[in-house]
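Residues per chain are reported as follows:
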Amino acid sequence: MQLIFRMLLLGVALIVSAPTLEAQSLADRLKAKAKERMDQRTDQALDKAVDRADQAVTCVVTDRACIEKAEKEGQAVRVTDRSGKVVEERAAADPARARTGDVATARPGEGAWSNYDFVPGARVLFAEDFTRDRVGNFPQRLELLNGNMEVVEWQGRRWLRSTGSSAFKLSLPETLPERFTIEFDLTLPWIRMAFYSDEFQDAGGVPMYSSPSAVVQLSGIEAGIWRAGGAAQSAVDPRILMPNLNDEYENSFLSKPLRVRMQVDGRYVKLYLNEHRISNMPNADFGRRNHVIFEFGDNSNGGDPYPPLITDISVNAGGMDLYDALAADGRVATRGILFDTGSDRLRPESTPTLREIVDMLNEHADLSLTIEGHTDDVGNAAANQTLSEKRAAAVKAYLVAQGIAAARLESQGLGSTKPAVAGTTPEARQQNRRVELVKR
């Protein structure tokens, strides 16, 4: 009888639980379907923002002739390693603009880059590209404050995707110093995103992510710096500087990836989108905490989500004047001399640092330098050695082209044999990728 009674109880339990299990299964399927729809919508929005990338010319990273030919013809370039993995995507440019140097194909000092004056800080406080995080997870090194965010993979890179209104905190090993820089890549959303360094305020247990100090706000119609309480602002409509944004926003609520850079010196703050300086505020009073908070609005349209992406976040502490650092230590590492991926071609973002070196050498005629190229420990050691030699030689060639006597300069490549700091963290590797100037 007991056995029969137990079997009856088990049958009842199964009957009762069946709808629940079915409901759970349905909920899981709906959740998976919603995520799939979100992924499709994100891909569609980004594909529209970079629709010309489908016609991209694919070049191996070592094939400079292929890359330069495509760029001169105004075609998009998909750069891959030898195995075919995409390492960089370069948007198509109008050939006429490419010849005038107004796009990323320009050399240092050409076109719009001639007035570009951003110099990254010399010491890396934080660096993250999410390559160590699992796709679908929230990044381990960030703190989620609000909403939903997850790591996704797009065009061979890892990005943090913001779904709806959300916010996260980036913790630093120390309080932001008097001089520092912040950089990241962003698919600029039509609806506002912002970042600042201060304590977020709490109203009755509900977090209100607003800062009592200056805030950087970025959107499709207005981008710049706002002082606390809206006391003053320095902002522009980004579509005026980059007319192609109009087309991108007509097709989606996102732009193609743009590089956002901020340079802070005391109360003075400058803000850049790609090569364009969009804010220049001498009294911004940006906060000084041991963290930076990023907020994203709900970037949706007609119920369809267009979640923005962010990656390659870097926070650097500012450094001394180049000559002062050389006089004090006999050598100085520069973070502002940048090269194309796997190449010795100087990027136009190097303009201000190269200009500073030229000015220093002109002002101090007795100064001679050894230019050292250094890489991180990623990749083949022999290839890194060769690349570092070519990059150091490229810097020397540029300086000589600016009128500096070749006899005052030597170049030397050291690959990854002389790291600035030990370790394999993103910060360590970024710190180790550098050009150093050594007083002879």
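That block above? That's the structure.
Nothing here was measured: the structure is a model prediction, and the numbers come from that model. (Residues numbered from 1 in each chain as written. Predicted model: local features only at pLDDT ≥ 70, side-chain atom pairs only at ≥ 80, totals over all residues. Heavy atoms only, no water.)

Caption draft 1: Local environment of the packing of aromatic side chains. One pass over the full model with this rule turns up 13 aromatic pairs. Considering the side-chain rings of Phe118 and Tyr272, the 5.5 Å spacing of their centres and the 70° angle between planes classify their relative orientation as edge-to-face. Pair noted here: Phe118 is in the loop between helix H3 (95–100) and strand S4 (123–128) and Tyr272 is in strand S15 (residues 268–273), with a separation of 154 residues, a long-range link. According to the relative accessible area criterion, Phe118 is buried, its value standing at 2%. Owing to a relative accessible area of 1%, Tyr272 belongs among the buried residues under this scheme. Taking 5.4 Å as the distance between ring centres and 85° as the angle between the ring planes, the aromatic pair formed by Phe184 and Phe195 counts as edge-to-face. You can see Phe184 sitting in strand S7 (residues 179–189) and its partner Phe195 sitting in strand S8 (residues 193–196), a full 11 residues away along the chain. Classification of Phe184 by relative accessible area gives buried; the value is 0%. (Phe/Tyr/Trp six-rings, centres within 6.5 Å; stacked < 30°, edge-to-face > 60°. Helix = DSSP H or I, 4+ residues; strand = E, 2+ residues; numbered from the N terminus. Buried < 20%, exposed > 50% of the residue type's maximum accessible area, 1.4 Å probe, protein only.)

Caption draft 2: Quick look at a negative patch on the surface. A grouping of Asp321, Asp324, Asp359 and Glu363 is seen on the molecular surface, where their side chains present a negatively charged patch. Position of Asp324 among the secondary structure elements: in helix H6 (residues 322–329). (Patch = residues over 30% accessible without salt bridge, like charges linked within 9 Å, V, L, I, M, F, W, Y side chains within 5 Å. Areas by Shrake-Rupley, 256 points an atom, 1.4 Å probe, with all protein chains shown as cover. Salt bridge = Lys/Arg side-chain N within 4 Å of Asp/Glu carboxyl O. Lys, Arg positive; Asp, Glu negative; His and termini not counted. Charge placed at Lys NZ, Arg CZ, Asp CG, Glu CD.)

Caption draft 3: Quick peek at the nonpolar core. Counting 44 residues, the largest nonpolar core has Phe184, Leu186, Phe195, Leu218, Met262, Phe294 and Ile313 as its most contacted members. Each residue touching Phe294, except ones within four places of it in the same chain, is listed here: Ser166, Ala167, Phe168, Leu170, Phe184, Met193, Ala194, Phe195, Ile310 and Ile313. Counting 24 residues, the second largest nonpolar core, distinct from the first, contains Val358, Ile371, Val395 and Val435. (Core = buried A, V, L, I, M, F, W, Y, C linked by side-chain atoms within 4.5 Å. Contact = heavy atoms within 4.5 Å.)

Caption draft 4: Here's a closer look at the pattern of salt bridges. For the structure shown, the criterion picks out 28 salt bridges. Asp265 serves as the salt-bridge partner of Arg179, at 3.9 Å between the closest nitrogen and oxygen. Of this pair, Arg179 sits in strand S7 while Asp265 sits in strand S14 (residues 254–265), placing them 86 residues apart in sequence. With relative accessibility at 43%, the residue Asp265 sits in the partly exposed group. Notably, a salt bridge pairs Arg227 with Asp285, separated by 3.4 Å at the nearest N-O pair. Placement of the pair is Arg227 in the loop between strand S12 (223–226) and strand S13 (233–236) and Asp285 in the loop between strand S16 (276–281) and strand S17 (291–296), with a sequence separation of 58 residues.

Caption draft 5: Spatial organisation of the sheet that holds strand S23 (residues 409–413). Taken in spatial order, the four strands line up as S21-S24-S22-S23 in an open sheet, and their pairing is mixed. Single-partner strands in this sheet number two, and they are strand S21 (331–334) and S23. On average, adjacent strands in this sheet sit at an angle of 20° to one another, irrespective of strand direction. As judged from the four bridges shared by S21 and strand S24 (residues 434–439), these two strands associate in the antiparallel manner. Within S24, the position partnered with Ala333 by the bridge is Glu436. Its contacts with the sheet place H6 against S21, strand S22 (369–374) and S24, and it is angled at close to 140° to S21. (Pairing = 2+ DSSP bridges. Axes fitted to C-alpha atoms, helices over the stretch in contact; angles between N-to-C directions.)

Caption draft 6: Layout of the packing of helix H7 (residues 351–363) against helix H8 (residues 381–401). Remark: H7 packs on H8, axes separated minimally by 10 Å, with the N-to-C direction vectors making an angle of 60°. As judged from the angle between their axes, H7 and H8 are oblique. Of the two elements, H7 crosses H8, and the hand of that crossing is right-handed. Here H7 contributes Leu354, Ile357, Val358 and Leu361 to the contact with H8, which in turn contributes Val395, Tyr398 and Leu399. (Parallel < 35°, antiparallel > 145°, perpendicular 65-115°, else oblique. Left-handed = near helix turned anticlockwise from the far one by under 90°.)

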